[in-house]
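Secondary and tertiary structure notes
As a plain string of letters, each chain reads:
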Amino acid sequence: MSHLINATKAALVFLSAAGFYATWYILLNNGTTDYMAHLRDVGPRLLPGTKEPIKTVYTGVPAIDHQLTVLALFFWENVDGSNPAGSLFCFHFATQVACGWGLLMIEGLRHGNRWTIISFIGTWGVFVQNAAYAVIIPYWCIAYLSTSRIVSSRRVSEYLVDVPNLAGIAISMVLGYVLPTILMSLPAPSIIDYDLKQWLMTFWQFFPVWVSVVQGVVPYLLPKPGEASRVSDIHMLMSMRILYAGLITTAGIGQASTMTFLATSKFFPELFTPEFVGVFNPSNVFLPATISPSTKVPSIGAGAFLLLQYDHLIGSTSMALWSTVLFVNTYRNGATYQSVGLMIVGGIIMMALTGPLGYATACIWARDELIIAEAEADGKKMQ
């Protein structure tokens, strides 16, 4: 099985390199950075599509303020609704990240992974926000396959997460990610003003920090479960199953909502005004254009949209590949042709219903259940 793990690592290195190339090319060679430099150096320094000034001071520290201004400007057109396909894509991507980030936190807090390099999810998140999801996530997956003790472990206790930490994941994702995402999506100027919207967009950029801070505090505020080890194990298993179900449901809601909207646009175009007909074609929303020297984007928002498409495609593919290998690595002993066929069909259905990160979460959940079932069949205690 080590050959499969090594082949997966090689594939993840390739995916990360592809993510780096796409990020570098989109930012520096297709006009996106040129548009931002023109706004900075020539002006007018107004938010795209508005007569409102770009906010340039957040903390008073020039280097930090410059980075925050660039990030807010970069994502503006896909958050304010002026790029409808981009806004729909961002909604879908946001629900996938809500699921996937929760899964990363579960992995980091497992008994067998605590205090390893893969457990510092907030730090990885800061790199994601300042580099790219498509570049960093494949390397997290590589680090996991290289360092995690539970890749080959069959001990149930190493897979478990303490109940207070599981509750902390759920609460921190709501307060540190979901709420900031909703707030920054509020329309301006009808509900919030432009200045506040830019503040909220920059606040969202730090969601890995907010999530980690809340998750670190919540477990200390919750009552501890019973001291009997078996009771605690049962509580952990039930809580993990509830959290898995919640994450997959979140991804499923985003997937179903997006696909319903796309289908409505396709089959009932009369429900849309003429300027939106054809805008929500699935290929426009999900499939990024090929990047080449002759391809130039028409705006900053178009460049950001293209980068996000590659981010989603490469980063989410990496997590889907990683989770599949972990499941297969656990499942291999009881595999038959029939069971493998059912697994493939089930995976395709899950991917269609919940997207790549819902699928990844389902794979990891199934992996856990296989370990638990094996332990129970052998009459082992969860330790």
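Residues numbered from 1 in each chain as written. Predicted model: local features only at pLDDT ≥ 70, side-chain atom pairs only at ≥ 80, totals over all residues. Heavy atoms only, no water.

**Points about the UniProt feature "transmembrane region" (unreviewed entry) in the chain**
In this structure's numbering, the residues bearing the UniProt feature "transmembrane region" (unreviewed entry) are residues 7-27, 88-106, 118-142, 163-183, 203-222, 242-263, 307-328 and 340-359. With 100% helix and 0% strand, the stretch residues 88-106 has end C-alpha atoms that lie 28 Å from each other. The span residues 118-142 is 80% helical and 0% strand by assignment, and the distance between its end C-alpha atoms comes to 10 Å. (UniProt positions renumbered as here; feature names shortened; annotations may be inferred. Helix = DSSP H or I, 4+ residues; strand = E, 2+ residues; numbered from the N terminus.)

**Things to note about the side chain of Asp368**
On the secondary structure map, Asp368 appears in helix H14 (residues 337-377). Classification of Asp368 as buried rests on a relative accessible area of 5%. (Buried < 20%, exposed > 50% of the residue type's maximum accessible area, 1.4 Å probe, protein only.)

**Thoughts on the pattern of salt bridges**
One pass over the full model with this rule turns up eight salt bridges. Close ionic contact of Arg110 with Asp368 constitutes a salt bridge, the shortest N to O distance being 3.1 Å. Taken together, the residues span a long stretch of sequence, with Arg110 in the loop between helix H4 (84-109) and helix H5 (121-130) and Asp368 in helix H14 at a distance of 258 residues. Exposure class is identical for Arg110 and Asp368. Each is buried. A single network of salt bridges, built from pairs that share partners, joins Glu107, Arg110, Arg367 and Asp368. (Salt bridge = Lys/Arg side-chain N within 4 Å of Asp/Glu carboxyl O.)

**Examining unusual backbone geometry**
Note that the residue after Ala188, namely Pro189, is joined by a cis bond; omega there is 5°. Even without being a glycine, Trp115 presents a positive backbone phi close to 65°. Tracing the backbone shows Trp115 in the loop between H4 and H5. On the accessibility criterion, Trp115 (75% relative accessible area) is exposed.

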